[in-house]
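Single-letter residue listing:
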Amino acid sequence: MTSMNDPHHTPEANPGVVLFDMFGVIARHQSESGKERLAALAGGPAPAFWDAYWGLRQPYDRGDVNGIAYWKRVADALGTAFDDARVARLVEADLASWSGVDDTMVALVEELAAAGQPVALLSNIPEELAAHYEERHSWLKHFQVCAFSCRIGHAKPEPGAYRWCLDALGAEPGRVLFVDDREENIRAAEAVGVRGHLFTTPARLREVLRLGA
């Protein structure tokens with residue numbers, strides 16, 4: 001299968017639907033200050049905290065548990081307990097840590113939508129963070145489909161996440177270009193027939209999509 005990661009791959013004149021990841025592509029990964037605040041709120045050693053945070057994240061992203069249950073599980077993994085007030089602060093700090101957006105990529109999405117290019121979104125995101133973005137970012141309206149993991153019951157790199165998007169879009173896999181910054185997510189998309197582009201910079205994505213600077 002030809003991958004969009006191949007440096008010799010010809011840019012796409014007509015990419016069909018462009019399916020974007022959010023964090024690490026359009027939105028930024030956690031800020032360092034946000035990460036420090038989270039670890040401080042949790043108390044305990046930072047390495048153990050991050051092991052618990054990420055080790056328990058998939059069910060939260062998938063919508064199997066809400067924020068309260070997730071943070072209680074993190075506390076259990078750390079051998080401690082968080083009261084309701086601390087859980088509320090941790091939820092708020094978590095949202096804040098994921099709130100940065102790349103304005104250059106937002107502009108690119110808006111440019112594509114204005115040109116009539118179909119765009120969609122597939123993001124691993126818990127319900128609280130999804131609602132946070134919906135309340136604050138009008139550019140989400142440009143996506144034909146917003147596949148938030150917490151609402152579709154599948155989180156990348158699970159195959160069901162990509163299949164859900166294909167069904168919602170009514171698109172053949174080969175007509176969808178998936179843009180993500182994580183290799184494992186690209187490989188999982190390609191395994192179900194979706195074409196992949198490993199995101200590095202907006203400029204490189206423009207080249208792939210044959211957009212002028």
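Residues numbered from 1 in each chain as written. Predicted model: local features only at pLDDT ≥ 70, side-chain atom pairs only at ≥ 80, totals over all residues. Heavy atoms only, no water.

1. As for the layout of surface pockets
Left-over empty space is what a probe sized like a water molecule reveals as it rolls over the atoms.
Argument step 1. Looking at the largest pocket, its volume works out to about 350 Å³.
Argument step 2. What lines the largest pocket is a set of 18 residues, among which W54, D61, W98, N124 and R182 lie closest to the centre.
Argument step 3. Those elements that provide at least two residues to the lining of the largest pocket are helix 3 (57–62) and helix 10 (183–191).
Argument step 4. Here the element with the most residues in the lining of the largest pocket is helix 3; it accounts for three residues. (1 Å grid on protein atoms, 1.4 Å probe; cavity = no way out; pocket = protein on both sides within 12 Å on 5 of 7 lines; lining within 4 Å. Points joined across faces, edges and corners; volume = space filled by probe spheres on them. Helix = DSSP H or I, 4+ residues; strand = E, 2+ residues; numbered from the N terminus.)

2. What to know about the pattern of salt bridges
Argument step 1. Summed over all chains, the structure comprises 17 salt bridges.
Argument step 2. In this structure, the salt-bridge partner of R187 is E190, at a minimum N-O distance of 3.0 Å. Taken as a pair, R187 and E190 lie in helix 10 at a separation of three residues, close to a single helical turn.
Argument step 3. Residue classification places R187 among the partly exposed residues on the basis of a relative accessible area of 43%.
Argument step 4. A salt bridge links R204 to E207, with the nearest nitrogen and oxygen atoms 3.0 Å apart. Of this pair, R204 and E207 are both found in helix 11 (residues 202–209), three residues apart, which corresponds to roughly one turn of the helix.
Argument step 5. Here R204 falls in the partly exposed class, since its relative accessible area comes to 24%. (Salt bridge = Lys/Arg side-chain N within 4 Å of Asp/Glu carboxyl O. Buried < 20%, exposed > 50% of the residue type's maximum accessible area, 1.4 Å probe, protein only.)

3. Here's the deal with the sheet that holds strand 4 (residues 176–180)
Argument step 1. Reading across the sheet, the five strands line up as 3-2-1-4-5 and stay open at both edges, with parallel pairing between neighbours. A strand with exactly one partner marks an edge of an open sheet, and here the two such strands are strand 3 (146–148) and strand 5 (195–198). For this sheet the average axis-to-axis angle between neighbouring strands, irrespective of direction, equals 20°.
Argument step 2. In this sheet, strand 5 lies alongside strand 4 in parallel orientation, the contact comprising four bridges. Residue pairing across strands places V179 opposite H197, the latter belonging to strand 5. (Pairing = 2+ DSSP bridges. Axes fitted to C-alpha atoms, helices over the stretch in contact; angles between N-to-C directions.)

4. Considerations on the state of the cysteines
Argument step 1. In total, this model carries zero disulfides according to the counting rule given.
Argument step 2. Left unpaired, C150 is separated from the closest cysteine sulfur, that of C146, by 11 Å.
Argument step 3. Exposure remark for C150: the relative accessible area of 13% places this residue in the buried category.
Argument step 4. Cysteine C165 remains unbridged, with the sulfur of C146 as its closest cysteine sulfur at 9.9 Å. (Disulfide = S-S within 2.5 Å.)

5. Observations regarding the packing of helix 2 (residues 46–55) against helix 4 (residues 67–77)
Argument step 1. It is the contact of helix 2 with helix 4, at a shortest axis distance of 9 Å, that shows an interaxial angle of 140°. Accordingly, the angle class assigned to the pair helix 2 and helix 4 is oblique. For helix 2 against helix 4, the interelement crossing comes out right-handed. Contact residues: helix 2 offers F49, A52 and Y53, while helix 4 offers Y70, W71, V74 and A77.
Argument step 2. Its residues assigned to classes, the contact of helix 2 with helix 4 comprises seven nonpolar, no polar and no charged. (Parallel < 35°, antiparallel > 145°, perpendicular 65-115°, else oblique. Left-handed = near helix turned anticlockwise from the far one by under 90°. Contact = heavy atoms within 4.5 Å. Nonpolar A, V, L, I, M, F, W, Y, C, P; charged D, E, K, R; others polar.)

6. Some thoughts on unusual backbone geometry
Argument step 1. A cis amide bond links K156 to the next residue, P157, at an omega of 5°.
Argument step 2. One can find P157 in the loop between helix 8 (149–152) and helix 9 (159–169).

7. Regarding the nonpolar core
Argument step 1. Among the nonpolar cores identified, the biggest contains 51 residues, and F20, I26 and W71 are the most heavily contacted of them.
Argument step 2. Excluding its chain neighbours within four sequence positions, the residues that come into contact with W71 are L38, F49, Y53, F82, V87, L90, V91 and D94. (Core = buried A, V, L, I, M, F, W, Y, C linked by side-chain atoms within 4.5 Å.)

8. Topic: helix 2
Argument step 1. Turning to helix 2, its buried residues number three or more, namely F49, W50, A52 and Y53. Projected down its long axis, helix 2 carries its buried residues within an arc of 160°, all on one side. For helix 2, the exposed residues lying more than 90 degrees away from the buried face are P47, D51 and G55.
Argument step 2. Contacts from the buried residues of helix 2 go to helix 1 (32–42), helix 3, helix 4 and helix 5 (84–97). (Arc of directions from axis to C-beta.)

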